[in-house]
Amino acid sequence: MNKILVANRGEIALRIMRSAREMGIKTVAVYSEADRTMPFVQYADEAVCIGPAPSSQSYLLGEKIIAVAKEKGVNGIHPGYGFLSENARFAQQVADAGITFIGPSAAAIEIMGSKLAAKQAAQKFGVPMVPGTETPLRSIAEANEVVKKTGFPILIKASAGGGGKGMRVVNTPDELEEQIRLAKSEALSAFGDDAVFIEKYVSSPKHIEIQVLGDQHGHCVYLFERECSIQRRHQKLIEEAPSSCITPDIREAMGKCAVDVARACNYYGAGTVEFLVDEQLNFYFLEMNTRLQVEHPVTELITGLDLVKEQIKIARGEQLSFSQEDLKINGHAIELRICAEDPANNFLPDTGKLETYIRPQGYGIRVDDGYEQGMDIPIYYDPMISKLIAWGSTREEARHRLIRAIEEYLVKGIKTTLPFGHWALQQPAFIEGNFDTNFINKYFTPSSLHTNLPDINQVAALLAAYVWQQNNLNLQEAAIGTIPSSSSWKKRNMLR
Ligand code: MV4
């Protein structure tokens, strides 16, 4: 594989191309008209505009992207996350075009795309699941039988849903029939498939997912867990690895289950197995994501692996170069998603220009982003502009480092989730690791942001000092210009 096409945009396109470049692989970017000036377009060895801004006319046009891939003579396509990354048809079309899809087989994507098929596959390996149904609900009578065993509340989920899409909570028996009817019609119009199933509703769960890597020779390992409970409307905001509530025994048990889920669909590539964890640390398989995830960097920082390189090596048919016993957790990593959203106003998307954009730096800080200062954040795509990730030898070191980096991250012109992160990382519940998926609902109000903000006066003073220093340097240079060029001694001394 000497040339790949990256069928994505923004930070993840750039992140994939960096790994490709390190492996001596050339890259082709495809981009929409809105993304002409983006860093990932400039970074790529070649770039092709594939259409207007809306993703339905650009990043979702599988056939057009494959045509570009053929024209450019690439031998691999990396889909990133979102867009076509979990589209089984696209994966198959890529393969049929004689190009390697850098991801799992179309068959594995297909199985895991159906939550019911995923549960049936996992059940064969005895992976624990929330009590409920593993086949599509056929009648209200069947539903009544199931809820006799599970009790209320229950959740109705769409088989073709996932990531929180198409879920309905039912609290009492009298709502059941109506909610099933609504869920089915909603599922049909949203996914073209009205299959729904029932699960007992687990209140206040933690959301913990296991990263797995499998090769095409039957080897599969788990790269430990990510704690992803801090989310809002199914959008994760803070992720960390490892989870502070998981013991070595539970880690091993969950890891083995995750590998079983992967084996259940002959999985190869990088994948993520999602679990709910209740207060007694019982864990239940939910679904499997068959892509590289947004939050993969926290796993990279604690394992030392480059997941994109591993994906490419697996796609090339290589064997994993390590076994489960070789993998160790080194330290702790926490990621904050920086989104163009106003946390003080219900996290509503904010658009505009990155008037000021200065990244934090230093030991243990990683910034995965896709914009530069002066750029507009387009309205057409996901509002995430950057991921700020801190590594530390302990959770406390990572936490303090991330807080420091948030304070040094200067973003002006657009409201972001930076102040939210600054607040969240200092909550007693976060510090203790004592939180679940209700963290934001439970503790966060817009007024939370009025305390503990970095002192605006201090920031103003630092900026003023910086401007003064720059002006001063300009003056010095101007003054030096008046000294005869023969006087190099003076020049050196003035410049020091
Ligand atoms: C659940 C649940 C409680 N009980 N299933 C939401 C995302 C999708 N992957 C599954 N989700 C949930 N499934 C049962 N039986 C609660 C959620 C849930 C949730 C899960 C993970 C992270 C955040 C969440 C927020 C609300 C609900």
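For the structure, check the block above.
Residues numbered from 1 in each chain as written. Predicted model: local features only at pLDDT ≥ 70, side-chain atom pairs only at ≥ 80, totals over all residues. Heavy atoms only, no water.

Visitor: Which parts of the structure should I look at to understand the overall build of the protein?
Guide: Regarding its fold elements, the protein presents 17 helices and 22 strands. The C-alpha atoms of the protein give a radius of gyration of 25 Å, which matches the 23 Å a tight globule of 496 residues would have. The dimensions of the protein, computed from C-alpha atoms along their principal axes, are 95 × 55 × 45 Å. A burial count over the protein gives 53% of its 496 residues as buried. (Helix = DSSP H or I, 4+ residues; strand = E, 2+ residues; numbered from the N terminus. Rg over C-alpha atoms; globule rule 2.2 N^0.38 Å. Buried < 20%, exposed > 50% of the residue type's maximum accessible area, 1.4 Å probe, protein only.)

Visitor: Would you take a moment to explain the site of the ligand for this structure?
Guide: Taken together, 18 residues are adjacent to the ligand, and K157, E199, K200, V202 and H207 come closest. One of the side-chain nitrogen or oxygen atoms of K157 is found 2.9 Å away from a nitrogen atom of the ligand. Protein contact buries 91% of the 510 Å² of open area that the ligand shows by itself. Elements with a contribution of two residues or more to the shell around the ligand: β6 (154–162), β8 (196–200), β12 (269–277) and β13 (283–289). (Near = heavy atom within 4 Å. Polar contact = N/O pair within 3.5 Å; in protein donor to acceptor, adjacent residues only side chain to side chain. Areas by Shrake-Rupley, 256 points an atom, 1.4 Å probe, with all protein chains shown as cover.)

Visitor: Sorry, what's going on with helix α5 (residues 106–113) here?
Guide: Given 3.6 residues to a turn, an α-helix orients residues that are three or four positions apart in the same direction. Residues of α5 that are buried: A106, A108, I109 and M112. The arc that holds every buried residue of α5, seen down its axis, measures 165°, which confines them to one face. Within α5, the exposed residues directed more than 90 degrees away from the buried face are A107 and E110. Where α5 is buried, its residues touch α4 (88–96), β5 (100–101), α6 (115–123), α9 (248–264) and β13. (Arc of directions from axis to C-beta. Contact = heavy atoms within 4.5 Å.)

Visitor: When you look at empty space enclosed by the protein in this model, what are you seeing that I'm missing?
Guide: Remark: the empty space left among the atoms is shown by a probe the size of a water molecule rolled over them. Applying the stated criterion across every chain, the model contains two cavities of 30 Å³ or more. For the lining of the largest cavity, the residue count by class is five nonpolar, six polar and one charged. Each of two domains, domain 1 (3–102) and domain 3 (206–450), supplies a minimum of three residues to the lining of the largest cavity. Of the voids in this model, the second largest cavity is the one considered here, and its volume is about 30 Å³. Of the residues forming the lining of the second largest cavity, the biggest block, four residues, is contributed by strand β10 (residues 220–232). Of the residues in the lining of the second largest cavity, the class split is five nonpolar, one polar and three charged. (1 Å grid on protein atoms, 1.4 Å probe; cavity = no way out; pocket = protein on both sides within 12 Å on 5 of 7 lines; lining within 4 Å. Points joined across faces, edges and corners; volume = space filled by probe spheres on them. Nonpolar A, V, L, I, M, F, W, Y, C, P; charged D, E, K, R; others polar. Domains from an automatic or database assignment.)

Visitor: Looking at this structure, I do not really get the sheet that holds β13. What am I missing?
Guide: Hydrogen bonding along the main chain pairs the strands of a sheet, whether they run parallel or antiparallel. Spatially, eight strands are ordered β13-β12-β9-β10-β11-β14-β21-β19 in an open sheet, and the strand pairing comes out antiparallel. Each edge of the open sheet is held by one strand with a lone partner, namely β13 and β19 (365–369). Each strand axis lies, on average, 25° off the axis of its neighbour in the sheet, ignoring direction. Sheet topology places strand β9 (residues 206–214) next to β12; nine bridges connect them, and they run antiparallel. Looking at β12, one finds that I208 is bridged to F275. Against the sheet, helix α1 (residues 10–22) engages β19 and β21 (384–392), with an angle of about 115° to β19. (Pairing = 2+ DSSP bridges. Axes fitted to C-alpha atoms, helices over the stretch in contact; angles between N-to-C directions.)

Visitor: What's the story with the environment of S323 in this structure? I'm lost.
Guide: Structurally, the position occupied by S323 is in the loop between α11 (307–315) and β14 (332–339). In sequence terms S323 and E11 are 312 residues apart; their C-alpha atoms lie 30 Å from each other.

Visitor: Looking at this structure, I do not really get the packing of aromatic side chains. What am I missing?
Guide: Centre-to-centre distance and the angle between the planes together describe a pair of aromatic rings. Scanning all chains against the criterion turns up 18 aromatic pairs. With a centroid separation of 5.9 Å and 90° between ring planes, the pair formed by Y222 and F224 is classed as edge-to-face. The exposure classification of Y222 matches that of F224, with both residues buried. Ring centres of F275 and F283 lie 5.6 Å apart, and the angle between their planes is 90°; on these two criteria the pair is classed as edge-to-face. (Phe/Tyr/Trp six-rings, centres within 6.5 Å; stacked < 30°, edge-to-face > 60°.)

Visitor: When you look at the pattern of salt bridges in this model, what are you seeing that I'm missing?
Guide: Any two side chains of opposite charge can pair, so long as their charged atoms come close to each other. Scanning all chains against the criterion turns up 35 salt bridges. The partner of E46 in a salt bridge is K3, and the shortest N-O contact between them spans 2.7 Å. Taken together, the residues E46 in strand β3 (residues 46–51) and K3 in strand β1 (residues 3–6) connect sequence positions 43 residues apart. We note a salt bridge from E63 to R89, for which the minimum N-O separation is 3.9 Å. With a gap of 26 residues between them, E63 in helix α3 (residues 62–72) and R89 in helix α4 connect regions that are remote in the sequence. No difference in accessibility class separates E63 from R89, as the two residues are exposed. The network of salt bridges with shared partners includes E209, R226, K236, E239, E295 and R337. (Salt bridge = Lys/Arg side-chain N within 4 Å of Asp/Glu carboxyl O.)

Visitor: Just to check I follow, could you spell out the packing of α4 against α5 for this structure?
Guide: The angle between the axes and the distance between the axes are what describe a pair of packed helices. It is the contact of α4 with α5, at a shortest axis distance of 8 Å, that shows an interaxial angle of 175°. Accordingly, the angle class assigned to the pair α4 and α5 is roughly antiparallel. Together, A88, A91 and Q92 of α4 and A106, I109 and E110 of α5 make up the contact between the two elements. Among the residues forming the contact of α4 with α5, the class breakdown is four nonpolar, one polar and one charged. (Parallel < 35°, antiparallel > 145°, perpendicular 65-115°, else oblique.)

Visitor: Is there a simple way to think about helix α7 (residues 140–150) in this case?
Guide: Taken as a whole, α7 has its buried residues at E142, A143, V146, V147 and T150. Considered in projection along α7, the buried side chains sweep an arc of 130° and stay on one side of the axis. What points out from α7, more than 90 degrees from its buried face, is the exposed set A141 and K148. Taken together, the buried residues of α7 touch β6, α8 (173–191) and β8. Just past α7, the residue G151 takes up positive phi, approximately 80°.

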